[in-house]
Amino acid sequence: MVLRTDLPVMLQALESVGWQLLWLIPYRTLYFLLFAIGWFYLLRPYDPEGRAGLGYLFWVTSVREAIDRLLPVASVGGGVVGVRLVRWRGIAAAPISATVIVEIVLTLIVSYAFTAVGLILLLQMSAGGAQYRRFLLAFLISLPVPAVTVLLLRYGSVFARLERFLVPLVGEGALSEGAASLDRELRACFNRWRSLLLAGLLQFAALMMGSFEVWFALRLFGHPVDVSTALILESMTQAMRHLAFVVPAGLGVQEATLVLFGHALGISGELALAVSMAKRVREVLCGLPSLLSWQWMEGRRLRKLIRDPTT
């Protein structure tokens, strides 16, 4: 896509703003903080002593985001690593796994709400054309997905049923007890509606704040837009990245969405790709330190285990 557009124009737009785009990095910490606060309240019933404090969960959240964004893990590897890192603080695996699963489901629900806001704004602006109708149709068809997911996790004993298929492969053991425990903790998490509501609102605020990146980048590129336009572009981009979660880092998906809807909103393909490149730079500069810190902690823990196997 980059080669098919006016590459010099896109590079010139990026070069013209230079270091000012780096302001997106400290701003991204607010996104991590909101998600970490929501996770903190979901986890609090299982950690009354505060062993996994807000600061620690903030770091784990940044690691999870870096793994899901930068590594080919189908956007689920971050959750697995998150469970492992919080277990280091002495909390049982089942409660941590339940909160991570609930948080992922909340993100799915919030993403649908965020997408709905973008579609409504797009309709009010009479923009989008044929791609708007196709996107709206896909949105409506997939709308039952979050509701069905919640019902299955809340009432379906999903992991106990899954265990029946796994036992012939891995044998008897603690698997059955672990599956039943996880289903039990999931039901308990879904019953704490106040924590769910708080975490969901914080996630929605974080997604809304992500629109600032688009607004800020386009302003630096000399093409200022209003808040509605930035929100539409961000919501459509996030929606497509969630739909194409198996694509590593959403490569091509983010760019195509920004170009497609940017054109409908009067933004050239070169500027849309420049915005995407700015977001990519932010992802890398935010993600690499988190990945390196995670590997450093893993190495430190491994060295400690080698010195003292009893730990």
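To be clear, the structure that these remarks concern was listed above.
Below is a summary of the structure that appears in this document. (Residues numbered from 1 in each chain as written. Predicted model: local features only at pLDDT ≥ 70, side-chain atom pairs only at ≥ 80, totals over all residues. Heavy atoms only, no water.)

### Overview of the overall build of the protein chain
Scanning the protein chain for helices and strands turns up 13 helices and 0 strands. When its helices and strands are written in sequence order, the protein chain yields α-α-α-α-α-α-α-α-α-α-α-α-α. Within the protein chain, the proportion of its 311 residues that are buried is 46%. Long-range pairs, those at least 24 residues apart, make up 74% of the contacts in the protein chain between residues at least 6 apart in sequence. For the protein chain, the accessible area works out to roughly 15800 Å², and carbon and sulfur atoms hold 68% of it. (Helix = DSSP H or I, 4+ residues; strand = E, 2+ residues; numbered from the N terminus. Buried < 20%, exposed > 50% of the residue type's maximum accessible area, 1.4 Å probe, protein only. Contact = heavy atoms within 4.5 Å. Areas by Shrake-Rupley, 256 points an atom, 1.4 Å probe, with all protein chains shown as cover.)

### A few points about the nonpolar core
Core analysis: the largest hydrophobic core is formed by 40 residues, its most contacted members being L21, L218, F221, L233 and V275. If you list the elements that add at least two residues to this core, you get α2 (24-43), α5 (93-124), α6 (129-142), α10 (193-220), α11 (227-243), α12 (253-264) and α13 (269-307). By residue number, the principal contributor to this core is α10, which donates 7 residues. In terms of nonpolar packing, the next biggest core, distinct from the first, is built from 34 residues, A66, I101, L153 and C189 among them. (Core = buried A, V, L, I, M, F, W, Y, C linked by side-chain atoms within 4.5 Å.)

### Let's talk about a nonpolar patch on the surface
A grouping of W19, L22, W23, V281, V284, L285 and L288 is seen on the molecular surface, where their side chains present a nonpolar patch of about 710 Å² in accessible area. Mapped onto the elements of the fold, L285 is located in helix α13. On the accessibility criterion, L285 (39% relative accessible area) is partly exposed. (Patch = residues over 30% accessible without salt bridge, like charges linked within 9 Å, V, L, I, M, F, W, Y side chains within 5 Å. Salt bridge = Lys/Arg side-chain N within 4 Å of Asp/Glu carboxyl O.)

### Remarks on the pattern of salt bridges
Scanning the model with the defined rule gives 14 salt bridges in all. E213 is the partner of R28 in a salt bridge, and the nearest nitrogen-oxygen pair spans 3.5 Å. Within this pair, whereas R28 is found in helix α2, its partner E213 is found in helix α10, the two being separated by 185 residues in sequence. As far as the burial class goes, R28 and E213 line up, both buried. Between E49 and R51 there is a salt bridge whose closest N-O contact spans 3.7 Å. Note on R51: relative accessible area 34%, which makes it partly exposed. Beyond isolated ion pairs, a larger network of salt bridges with shared partners links R28, E65, R69, E213, E234, R241, E255, K279, R280, R282 and E283.

### A closer look at the environment of I67
Structurally, I67 can be placed in helix α3 (residues 54-70). Judged by its relative accessible area of 2%, I67 is buried. Sequence spacing of I67 and G77 is 10 residues, and the spatial spacing of their C-alpha atoms is 6.5 Å. The contact partners of I67, leaving out residues within four places of it in the chain, are V73, G77, G78, V81, L291 and W294.

### What about α10?
Counted at 1.5 Å a residue, the expected span for α10 with its 28 residues is 40 Å, and the 41 Å between its end C-alpha atoms agrees. Backbone geometry just downstream of α10 places G222 in the positive-phi region, at approximately 80 degrees. (Expected span 1.5 Å × (residues − 1).)

### Here's the deal with a positive patch on the surface
Taken together, the side chains of R300, R301, R303, K304 and R307 make up a positively charged region of the molecular surface. One can find R300 in helix α13. (Lys, Arg positive; Asp, Glu negative; His and termini not counted. Charge placed at Lys NZ, Arg CZ, Asp CG, Glu CD.)

### A short note on the environment of A278
Here A278 lies in helix α13. Separated by 256 residues in sequence, A278 and L22 place their C-alpha atoms 9.0 Å apart.

### A word on the packing of α10 against α13
One can describe the packing of α10 onto α13 by two numbers: an axis separation of 10 Å at closest approach and a directional angle of 120 degrees. Classified by the angle between their axes, α10 and α13 sit oblique to one another. Two packed elements cross with a definite hand, and for α10 against α13 that hand is right-handed. Contact residues: E213, V214, A217 and L218 in α10; L271, V275, K279 and R282 in α13. Across the contact of α10 with α13, the residue classes tally to 5 nonpolar, no polar and 3 charged. (Axes fitted to C-alpha atoms, helices over the stretch in contact; angles between N-to-C directions. Parallel < 35°, antiparallel > 145°, perpendicular 65-115°, else oblique. Left-handed = near helix turned anticlockwise from the far one by under 90°. Nonpolar A, V, L, I, M, F, W, Y, C, P; charged D, E, K, R; others polar.)

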